[in-house]
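Close look at the chain arrangement
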Amino acid sequence: KASETALSGCEFGHAFFSTSSDAINEIILTKISEKFTERVSEEKKGKGGSRLVADLGVSFWAMCRRLGVGFWLRSTTGVMKLVETISRCMFSLRQDPDDVVLWFVLQRKEKALAALYRSKQNRKVADFLMRDFRQPENRIAASKNAFVLVGKHEYEKAVAFMILANDVSGAANICLNRMDDPQLAILITRVMGSRESDDGMAQSILKETLEGVIKNSESACPPRFHEKSMALWMLGNHSGAMRTVAAAADWLTSSAASAKYISDPSTFAMPVEALAHALVMTRCPPVIGTIEADNLLRVCRTAAIPCLLRCGSYSAAIVCLTDAIAMMKRSGDKTESGAPSDFDSQQQQPLF
């Protein structure tokens, strides 16, 4: 079921570097909509329709997040289509405005949201949403309400009120530090950035959010290398993105990794996943055909060989070994002067 399907970080990377993200989004939205409707029907029959969405374990956004949509969907049209689909499907579950408050606010449908709250006899929230949030005093009030909601652990509603307060940084911080949801932070930043007439301001908002994603991915254990790499790529730091993938390939043998991760099923295949990410990344401009890209592939192939042998994938290990040797010969031809490539010299620096 879609709600139980999760892709790995390197699989996010395949969609991230695809030139057909909007087409992928169309397919995914159709499939998830079908699965969501099916899951809701099953849950309601088995547990009763009066239960909360959290109790049902059903969330359209959660299904999208497991597929990495927040990372790889970058066009404004695709993002807004996603937001509209989520709000429509979530409202169909219980017709409860609390389920869709964030998604309606992202679409600037505060008046429609107010009408929904009024229909549920929640006049206090309905009247508040009718305010003009271009006025500073109303933005301050929305921000105060957001902090109250954070204290109540109603994070999604808190994010919505931060958006009403036009505090994109505050909304992103709640997503990153309270909800541990970097994808939602990026999605909200993209939506809010699309409203800015000043492209420089939109880029500044996205840059701040991506820097937060990088910080959180570094502090995770094990580090979320693929998230960090995609964030660095979006920031235009292509060398940093490649170094991060190389670090993922070598992490299991580094001093930072404890012995338990070597046999942990969730981290055992990190070198192979790093290689899969590198194979896609190095085919993309502006790194395609560069010495740095070749060195990244060599590092990842070399690191993947022991993992493949332990898995019994002997043929794949031999292919990796053959390709790594061939690339080392080509690299030697390109650097006959003995000077290290830029990527090799940067590899000696601390990665974090």
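Right above here is the structure, for reference.
Residues numbered from 1 in each chain as written. Predicted model: local features only at pLDDT ≥ 70, side-chain atom pairs only at ≥ 80, totals over all residues. Heavy atoms only, no water.

1. What about the packing of helix α14 (residues 199-219) against helix α15 (residues 225-234)?
For any two helices packed against each other, one specifies the inter-axial angle together with the distance between the axes. At their nearest, the axes of α14 and α15 sit 9 Å apart, and the two run at 155° to each other. As the angle between them shows, α14 and α15 are arranged roughly antiparallel. Seen from above, α14 lies across α15 with left-handed handedness. Across from L210, V213, I214, S217 and E218 in α14, the residues of α15 making contact are E227, K228, A231, L232 and M234. Within the contact of α14 with α15, the residues separate by chemical class into six nonpolar, one polar and three charged. (Axes fitted to C-alpha atoms, helices over the stretch in contact; angles between N-to-C directions. Helix = DSSP H or I, 4+ residues; strand = E, 2+ residues; numbered from the N terminus. Parallel < 35°, antiparallel > 145°, perpendicular 65-115°, else oblique. Left-handed = near helix turned anticlockwise from the far one by under 90°. Contact = heavy atoms within 4.5 Å. Nonpolar A, V, L, I, M, F, W, Y, C, P; charged D, E, K, R; others polar.)

2. Some thoughts on the packing of aromatic side chains
Evaluation of the coordinates by the stated rule reveals eight aromatic pairs. Centre to centre, the rings of F17 and W233 are 5.0 Å apart; their planes meet at 90°, and the pair counts as edge-to-face. Taken as a pair, F17 in the loop between α1 (9-16) and α2 (21-47) and W233 in helix α15 lie far apart in primary sequence, 216 residues in all. The burial state of F17 is the same as that of W233; both residues are buried. Ring plane angle 45° and centroid distance 5.9 Å describe the contact between W61 and W103, whose orientation is recorded as tilted. (Phe/Tyr/Trp six-rings, centres within 6.5 Å; stacked < 30°, edge-to-face > 60°. Buried < 20%, exposed > 50% of the residue type's maximum accessible area, 1.4 Å probe, protein only.)

3. Describing the state of the cysteines
The full count for this structure, using the stated rule, is zero disulfides. This cysteine, C64, is not joined by any disulfide, and C89 carries the nearest cysteine sulfur, 9.0 Å off. Owing to a relative accessible area of 0%, C64 belongs among the buried residues under this scheme. (Disulfide = S-S within 2.5 Å.)

4. Brief notes about the side chain of Q183
Position of Q183 relative to the elements: it lies in helix α13 (residues 182-194). Assessed through its relative accessible area of 4%, Q183 is described here as buried. With residues up to four places along the chain from it excluded, the contact list for Q183 reads F12, W61, C64, R65, G68, V69, G70 and F71.

5. Concerning the pattern of salt bridges
The tally for this structure, following the rule as stated, stands at 12 salt bridges. For K157, the salt bridge identified is with E154, shortest N-O distance 3.5 Å. Bridged by salt links that share partners, the residues R94, D96 and D99 form one connected network. (Salt bridge = Lys/Arg side-chain N within 4 Å of Asp/Glu carboxyl O.)

6. Describing helix α6 (residues 76-94)
The terminal C-alpha atoms of α6 lie 28 Å apart, and with 19 residues this matches the ideal 27 Å at 1.5 Å per residue to within 8%. Among the residues making up α6, those that are buried are G78, V79, L82, V83, T85, I86, S87, C89, M90, L93 and R94. Looking one or two residues past α6, Q95 carries a phi angle of roughly 55°, positive in sign. (Expected span 1.5 Å × (residues − 1).)

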